[in-house]
Each structure stands twice: as C-alpha cells, then as structure tokens.
Amino acid sequence: MLKSPIQTPALSGATLFISDLHLCASRPAINDAFMAFLQNTASKAAALYILGDLFEYWAGDDDVEDAFHQQIIGGFKTLSDSGVQVFLMHGNRDFLIAEGFCRMTGATLIADPTTIVLYGKKALLSHGDALCIDDAAYQQFRTQVRDEKWQAEFLSQPLELRRKQIEAIRARSEQEKTQKSLEIMDVNAEAVNTLLRTHQPDLLIHGHTHRPNRHTIKLDGRLITRWVLGDWYEQGSYLACDEHGCKDMAL
Ligand code: LP5
Ligand code: MN
C-alpha cells in the first residue's frame, strides 16, 4: 500500500522528475497519491517531467472516457493551466500517448532521449528501456511496436480488441520476466557509456528499472551522475532539482 498522500514540502520553483507510476483504475491509492502530488507539490514547481510509464498501459488517445482517465487528465490540465510546464516522455507501456492526450492535458511530448539545460547543467533524460540491451527478447519486441506503420495498424483496430491484445502481451511479459535474471533486466553499462559519450551530459536521469539510486560514473576523465527514478508501487517518489542540485524525495 502507498503511504498516506501527505506531501513532503516541495522545493518551490524546482524542476521535478517522476517515472514509472503505472497508474490504472484498479489501484486507487496510487491515483489519490498522484492527484495529491499534483495539487500539493507539482503545483509549486516550475516544471514537471514525466519520464515514461505514467500509465500501466495506454491503448490509444481514444481510451479516455472513464472516470479514472478523466481524473488524471483533469489534474494535468489544472496544473498546466496554472503555469507549471508539464513534459511527458514515452515509456515502454504508454508509448501510444499522442497529441490528443497533449491537447487534453496541456502536456508536451518530448523525445527519448532529450537533453535539457537544468540550472546550468546539461541533463540527459530517458525512460531507460532502450539501455537494457541484454534483454534481447524485449528489444526485439520494442523494435516491432515502436514502428510507425505497426502502430497505425494497431490503432486502427477497435478499442476492445486493442485492450485484449495488450492484456495478452502483459501476461506474456510477466511470465517471461520470471525467466530473466536481474542483470538482464538492468541497463547495460556499455550502452549507458555510449549514450553518455554521444550526448556529453553532466547528469543522466532515467527510470524503467525500478531501482532508484544515484550512481557516479567516471567516464573519459569526467564525473557524470546517473539518477535512477523509483516506481510508485509501494512508495511514491520524485527527484527535485534546483540551482543547488538534485534531491530524491519521498511523498
Ligand atoms: O513493463 P515491465 O517493466 O513490466 O516489463 C518491461 C518489458 N515488457 C514490456 C511489455 C509491457 O510491460 C506490457 C505491454 C504494454 C502495452 C503497450 C501498448 C501497445 C502495445 C500493444 C501490443 C499488442 O514492455 C519486459 C522487459 C522488462 O521491461 C525489463 O526491461 O523484460 O519485456 C518483456 O517481457 C517482453 C518479452 O520478453 C517479449 C514479448 C514478446 C511478445 C511478442 C509478441 C509480439 C506481437 C505483438 C503484436 C500483437
Ligand atoms: Mn518502463
């Protein structure tokens, strides 16, 4: 169970990062915690970055009629209307979020990876799944479902059919994960180094692995911080950054 949605005082005017909330109608406690986070914490921030897997899954922008989706959309709309910038990156579960969702919420979709200037530091943002290159079965699946043509065909099907196919993939994924080692499902160190060499950031922020941590990487004579964001299964958390640096915060 999530702890009560009493918020740690926000860093006013900070930039916040979250990922892997896996929101869904069947986990009301996390939804309440998230709504409280938007109202009490994110509302005082300058910007909120969601680095993927906001939702347990996303079947298409037409799947928004129910009370659960309307509540989340309303929460974002209130936040963005109040002047907080909301940026959203795709995760491996909600990569079908598209412009329709952005229009409804006021959020801006950002590519994976994206570089931003964060209080004078160069920060590279990613969901993190693309770094798990030892997970060959997943990477093959990822290549298939990230294909534009495949997505257009998938989205052309009725919503009920899409939901059924997603349920089948989720079941298969859960089953296959039981056969994979923790190492296989973590980021590959060389893939991280390659990404860092390409973009030359001061820090990398990502999620996906559900292994929240702060790593220091020495690469080519430079120190780079890799922040891994936590999921919201047991305890909601976020990374708050301002001109003094970044802090991981619990709800
Ligand atoms: O998300 P997480 O952390 O639990 O697991 C991921 C990888 N699994 C996935 C699948 C998602 O969890 C569930 C599906 C999301 C819905 C997407 C909506 C649109 C797509 C619709 C498709 C019909 O991403 C898991 C990784 C793990 O991270 C750690 O990195 O291991 O990967 C898997 O388990 C994937 C399996 O190994 C391979 C699945 C092969 C399926 C092949 C069928 C392809 C046909 C698709 C068309 C119907
Ligand atoms: Mn993920």
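What you are looking at is a predicted structure, and each value in this text was computed from that prediction instead of being measured.

A. Looking closely at the coordination of the manganese ion (ligand 2). Listed as protein donors to the manganese ion (ligand 2) are D53 (OD), N92 (OD1), H127 (NE2) and H208 (ND1); their distances from the metal cover 2.0 to 2.3 Å. Residue class for D53 comes out buried when judged on its relative accessible area of 1%.

B. How the structure looks around the site of ligand 1. Around ligand 1, the structure places 24 residues, and the nearest of them are R93, D135, E176, K177 and K180. Within the side chain of N92, an N or O atom sits 2.8 Å from an oxygen atom of ligand 1. Compared with its free state, where it exposes 1000 Å², ligand 1 has 89% of that area covered by protein. Only helix 4 (136-145), helix 5 (148-155) and helix 6 (159-177) provide two or more residues apiece to the shell around ligand 1. At 9 residues, helix 6 tops the list of elements feeding residues into the shell around ligand 1. Counted by class, the shell around ligand 1 contains 11 nonpolar, 5 polar and 8 charged residues.

C. Representation of the state of the cysteines in the model. For the structure on display, the rule yields 1 disulfide. The disulfide bridge from C241 ends at C246, spanning 2.2 Å between sulfur atoms. Between C241 and C246 the disulfide shows an S-S torsion of about 110 degrees. By sign, it is right-handed. Judged by its relative accessible area of 0%, C241 is buried.

D. The arrangement of the side chain of H208 in detail. Counting through the fold element by element, H208 comes out in the loop between strand 7 (203-206) and strand 8 (213-219). Of the residues examined, H208 reaches a relative accessible area of 18% and is grouped as buried. Looking at H208, its side chain comes within polar contact range of the side chain of N92, at 3.1 Å.

E. The nonpolar core, seen in detail. Ranked by size, the top nonpolar core spans 42 residues in total, and within it F34, F37, L48, L54 and F76 carry the most contacts. Looking at this core, the elements that each hand over two or more residues are strand 1 (15-18), helix 1 (28-40), strand 2 (47-51), helix 2 (67-81), strand 3 (85-89), helix 6 and strand 10 (237-242). Looking at this core, the element that brings in the most residues is helix 1, giving 6 residues. Aside from chain neighbours lying at most four places away, what touches F34 is I18, L21, L23, L54, I72, F76 and W232.

F. Spatial organisation of the confidence of the model for the chain. Mean pLDDT over the chain stands at 95; residues scoring 70 or higher make up 96%. For residues 4-9, every residue scores under 50 in pLDDT, and the model assigns this stretch 18 contacts once sequence neighbours within four places are set aside.

G. Quick peek at the pairing of strand 6 (residues 121-125). With 5 bridges connecting them, strand 5 (residues 114-118) and strand 6 associate as antiparallel partners. Paired with V117 across the bridge in strand 6 is K122. Between strand 5 and strand 6, which follow one another and run antiparallel, lie 2 residues, and Y119 among them has a positive phi close to 50 degrees. Taken together, the 3 bridges between strand 6 and strand 7 define a ladder with parallel strand orientation. Each bridged residue has a counterpart across the sheet, and for L124 the counterpart in strand 7 is L204.

Conventions adopted
Residues numbered from 1 in each chain as written. Chains lettered and ligands numbered in written order. Predicted model: local features only at pLDDT ≥ 70, side-chain atom pairs only at ≥ 80, totals over all residues. Heavy atoms only, no water. Donors = N, O, S within 2.8 Å, 3.2 Å for Na, K, Ca; no water. Buried < 20%, exposed > 50% of the residue type's maximum accessible area, 1.4 Å probe, protein only. Near = heavy atom within 4 Å. Polar contact = N/O pair within 3.5 Å; in protein donor to acceptor, adjacent residues only side chain to side chain. Areas by Shrake-Rupley, 256 points an atom, 1.4 Å probe, with all protein chains shown as cover. Helix = DSSP H or I, 4+ residues; strand = E, 2+ residues; numbered from the N terminus. Nonpolar A, V, L, I, M, F, W, Y, C, P; charged D, E, K, R; others polar. Disulfide = S-S within 2.5 Å. Core = buried A, V, L, I, M, F, W, Y, C linked by side-chain atoms within 4.5 Å. Contact = heavy atoms within 4.5 Å. pLDDT = per-residue confidence, 0-100. Pairing = 2+ DSSP bridges.

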